[in-house]
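# Structural overview for review
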Amino acid sequence: MAKSPNDLLQGSLDMLVMRALRDESRHGWGIQQRINQLAQDALSVNQGSLYPALIRLEKQGCIKSEWGTSEAGRRAKFYSITRKGLKQMEAETRIWKEFSAVVNLILDQA
Amino acid sequence: MDLFKSLSFGFRSLFQSNKIENDLKEEMEFHLEQQTQHYIKNGLSPKKARLAALQDFGGTEKHMDSCRDGWGMRFFAECFRNYRSVFRNLFRNKSFSATILLVLGLCVGANTSIFVFLNKVVFAPYPFDRSGDLLEILHYHDKTNPELALKSNLSTYAHYTADSESLRSASLHTVGWKNVEIQGETLRLKGILATSEFFETLKIPFVEGAVDSFQSVSSNSSPIVLTDSFRQSRFPANQNVLGQLTSIQGRTYKVVGVVSSDIQLLVPGVQFISHWNTDELAKLNSPESRVENHATLWARKNTSFSLPQTNIELEHLDNQFFAEQSESYRKNIEDLGYRTQAVKLRKFQNQWIRPKLLLLQGVSLMILIIGLVNITNMLLAQVNANKRDLVIRNMLGAGKKRLLGQMLAQITVYVAIGWILSITTALLGISVLKSVTNEIGQFINTPKLAPLDIGFSALLALCCGLVMFSARASGIIFSSNSALESNQQFSATKQSRITAYLLLTLQIGSSLTLLIITGLLAKSFWAAMNQESGFNPKGVITARIELPPQHYQNENQIVSLRDQLLDKAKAKPEFSSVAIASHIPTFGFPTSRFHVQETDQPRSQSETRFVFVSADYFQTMGIPILSGRSIASTDNAFWRENNVVEADAARHFQKDQRELIGQRFKIAPNRPKNQNWNQIVGVAANTRHEYLDKPQTMPLIYRPIQGTAAREFSLLIKTPLDIPQALRELRNLIKETAPLVPVFRIGSLEGFMTESLNARKGYLKIIFAYSLLALLLSSVGVFALLSYDVSRQIKEIGIRISIGASRTHIFWHVMKKGLSAGLIGSILGLTGAFLIATSIRSFLFETHAFDLILYLSLSTLILLLVTIASYLPSKMAVRVSPLSALRQE
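Reference entry: report on the structure contained in this document. Given the structure is predicted, the values throughout are model-derived calculations rather than measurements.

### With respect to the overall build of chain A
Check the secondary structure of chain A and you find 5 helices and 3 strands. When the helices and strands of chain A are placed in sequence order, the string is α-α-β-α-α-β-β-α. Among the 110 residues that make up chain A, the fraction classed as buried is 40%. The long-range fraction of contacts in chain A, counting pairs at least 24 apart against all pairs at least 6 apart in sequence, stands at 48%. Summing over all exposed atoms, chain A offers an accessible surface of approximately 6,700 Å²; the carbon and sulfur share of this is 53%.

Structure, rendered in structure tokens:
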């Protein structure tokens, strides 16, 4: 059975979340919107699974959170990336790029 | 993962679970609202937009669950649930839980209390600064026993103190009981007479006063230091003891300090340390004293020197000293094979008690194993009893992991409570040990646990926990998932039954081993109590006195008082025989070298024990004279003294017993100007004068007390009166004759002889109590396991009976299980007992390590108990009614 790009996303969600937080702090929905925007709607992230990922990353110290007020004036939890998170993201991005280049090379030759 | 972060998440989830849940819900709701708004903006109706948002989110509860996992909330919640349920069950099954906790607390506590002594006396370094540098200087110069480590002397002390580079300081001391006058009262105290560097060498902390003050000797008084335990028992806490004047043998001492009671680790029971008068020391120093062994020499080596380097330097110093002496002196030294060896004080000191403590620790560990087997079998029975419950819980969704978590919670609670109980038991155990045997008890003043002791008990409790968990969890671990998931017979049932029977066998074996060891020790004790001591203590009373020099200054006064005492006692018609002796049997006779006069030069040297006695000593003590005569009132120790020797001395004199009379010899031949040749005038029967329960190492020579200035002696009186009345008479007699002289060690000689076996009796009591406990635990173990087995197999037994199995067959089927465990256990127990008995040979007195009759009778006893314990469950099996059994399931 052919797999959708969503299946490949599994395990890479942490990296995408950190990328979405690279420029500014966002709440959960904002992170999902930013990922969609960056992916030009080619990836649809299962929105609920974002939250366990956020807890995981916070526990690892890659992101931090604080309660704030949204654009609509509602109380919302905002996440921002930490120095450790930035380093982690850069490392994971490099590995991802190297890995995908090798896979592309193999697939192109085939 | 950042451990701190992870822990903070865990703790927050534990204590703020509601807030976290609410925050999560609020966060997700906000997300859904934003998404709904997003769809509304794109033209969907609010209702459809909400539905689409919910669909995109993918089930709030599912994600909430994942988030809870991420927070670790589920783990903590489960732990909480498990522990709550454990405590509920603990109170529900009170007797079951109480039995486990009691056995665990008692067994771990008993082990810990023994370990406290083992740690304090043998393992832990002395609590003094750099105690690893402390040495004892030993000498070897006994020709007849070259491996005999002898104490040191003043000559060596003076030489090493002056010239050794490897020794930083050295101190000479002797230990003895003295009459000490404190606050107008005369007390009999155990003290150390030590040179001024004693505390500087040991570096024992002072509780009051300063170490330097022990070195400041004035013309009026010498310094004395009290031990903290003695100070506390004698003086009120608020009373200043420094500067108090005391008197020992007419000499005035001033209290200059109070030293930590840790000194009792080196000299058990010591109460004071007095300064050794330098004038007395100078008198003892002579080249001849180099081969004497009258005092103990302790030293602190320089840290830069290793022990072998120190020994090399000491050997060099010895050689240097001998090179300066005469040729005959050197020849004598060469003949004796003289050598010096410094040994680590920690390794040498108190080593005599090490095997005894290790034996007690081994026995306690066996009790722990036996107790643990009972606990394990109880837990295995609980697993089997709860089999159905486990299956139901498994069907309701509890996986192996969760079931194991529940069991782990149960075991940790048992172990934690059991451990706390064991600490209390250990403290109680220390007090019991102190009261049962002074030999061990004297090392610890107040029952307390050091960190290592607490660690040891925690380790034991943890090991017990591991065994208990393995037994409890074996039913889960060894069962396949399918077995758990299906409501089929647990495969673990059979495994746990096999484990239970194996453990039972081990338990029976350990109990038998313990029983045999107890039997061997009891037999040794009995042999020591009932042996032929060579003298007859029945109807003999004794009292010891030491004449204070301030009241009895010269020899004439001493002799006059001794004669007065003897005359007055003899005048009493109720005293049938009266004598005086410098020492009484088993309380330690002094030793000396002697050599036999054959040629001008000593042919051989050997050690002997000697005692000064008055005429009638042999008659009072009931010691037969085998040949020659006894000591007469005309015999005098001043010149050419006439002596009586024990029959055993013939071996040491290398003569036939009949040839001993008239033999001449010299005691303390190395003393300068010792020209006094002694002559043997009689041979007495051998006596147990050293120990009642050990072979004698040296012969005893009886010397006349007449002509000596012995100011400390024992009166011995044979009387037909009852002991309390006779003692009253004796006390009055001494009070009339010498009102200022304190009396001590007063009582019946029989009582003192029994007292000398007190240490052996104490160990026997402890091990006997342990073996009784082992027997009880094993019998209960056999009975409980078989009863449980029968109750579990009632259906099977019912079917067997209904298809024609005879009741005799059923009876023997159950009995066979108990008896086979008993037989295999007995073989294990016999092997274990033999192995242990051979390693404790030194404790046995006139008892063979493999006493066949004892081994067989105790094996029979344990098999008998196993048979009785198996009989009742077998009878229960026979009474099973097939109909009611089949109806049961």
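Resuming the write-up.
### Points about the sheet that holds strand β1 (residues 26-27) of chain A
All names here are of chain A. Spatial strand order, β1-β3-β2: 3 strands in an open sheet with antiparallel pairing. In the strand order of this sheet, the two ends are held by β1 and β2 (63-69), each with one partner. Of the strand pairs in this sheet, β1 and strand β3 (residues 75-81) are connected by 2 bridges, and their pairing is antiparallel. Among the inter-strand pairings, arginine 26 is bridged to a residue of β3, identified as tyrosine 79.

### Here's the deal with the packing of aromatic side chains
Evaluation of the coordinates by the stated rule reveals 21 aromatic pairs over all chains. Arranged with centres 5.8 Å apart and planes meeting at 40°, the rings of tyrosine 51 of chain A and phenylalanine 57 of chain B form a pair that is tilted. You can see tyrosine 51 of chain A sitting in helix α4 (residues 50-60) and its partner phenylalanine 57 of chain B sitting in helix α3 (residues 46-57), one on each of two chains. Take tyrosine 51 of chain A and phenylalanine 57 of chain B: they sit in the same class, and that class is buried. Look at phenylalanine 115 of chain B and phenylalanine 123 of chain B: their rings are 6.4 Å apart centre to centre, the planes differ by 40°, and that puts the pair in the tilted class. By relative accessible area, which is 10% here, phenylalanine 115 of chain B ends up buried.

### Overview of helix α12 (residues 327-336) of chain B
Residue and element names in this part refer to chain B. Turning to α12, its buried residues are Tyr329, Ile333 and Leu336. Down the axis of α12, the buried side of the element spans an arc of 65°, and every buried residue falls inside it. More than 90 degrees from the buried face of α12, the exposed residues found are Glu327, Ser328, Lys331 and Glu334.

### Regarding the side chain of lysine 301 of chain B
All names here are of chain B. Summarising the element assignment, lysine 301 is placed in strand β9 (residues 296-301). Here lysine 301 falls in the buried class, since its relative accessible area comes to 7%. There is a polar contact of 2.8 Å between the side chain of lysine 301 and the backbone oxygen of phenylalanine 305. Residues within four places of lysine 301 in sequence aside, it is in contact with Asp133, Leu135, Ser166, Leu167, Arg168, Ser306, Leu307 and Thr310.

### Quick notes on the pairing of strand β19 (residues 700-704) of chain B
All names here are of chain B. With 5 of 5 residues buried, β19 lies mostly within the body of the structure. Burial along β19 is two-sided: the face carrying Leu700, Tyr702 and Pro704 and the face carrying Ile701 and Arg703 are both buried. Direction of pairing for strand β16 (residues 642-646) relative to β19: antiparallel, over a ladder of 2 bridges. Pairing of valine 645 across the sheet is with isoleucine 701, part of β19.

Each value, and the rule that gives it
- Residues numbered from 1 in each chain as written.
- Chains lettered and ligands numbered in written order.
- Predicted model: local features only at pLDDT ≥ 70, side-chain atom pairs only at ≥ 80, totals over all residues.
- Heavy atoms only, no water.
- Helix = DSSP H or I, 4+ residues; strand = E, 2+ residues; numbered from the N terminus.
- Buried < 20%, exposed > 50% of the residue type's maximum accessible area, 1.4 Å probe, protein only.
- Contact = heavy atoms within 4.5 Å.
- Areas by Shrake-Rupley, 256 points an atom, 1.4 Å probe, with all protein chains shown as cover.
- Pairing = 2+ DSSP bridges.
- Phe/Tyr/Trp six-rings, centres within 6.5 Å; stacked < 30°, edge-to-face > 60°.
- Arc of directions from axis to C-beta.
- Polar contact = N/O pair within 3.5 Å; in protein donor to acceptor, adjacent residues only side chain to side chain.

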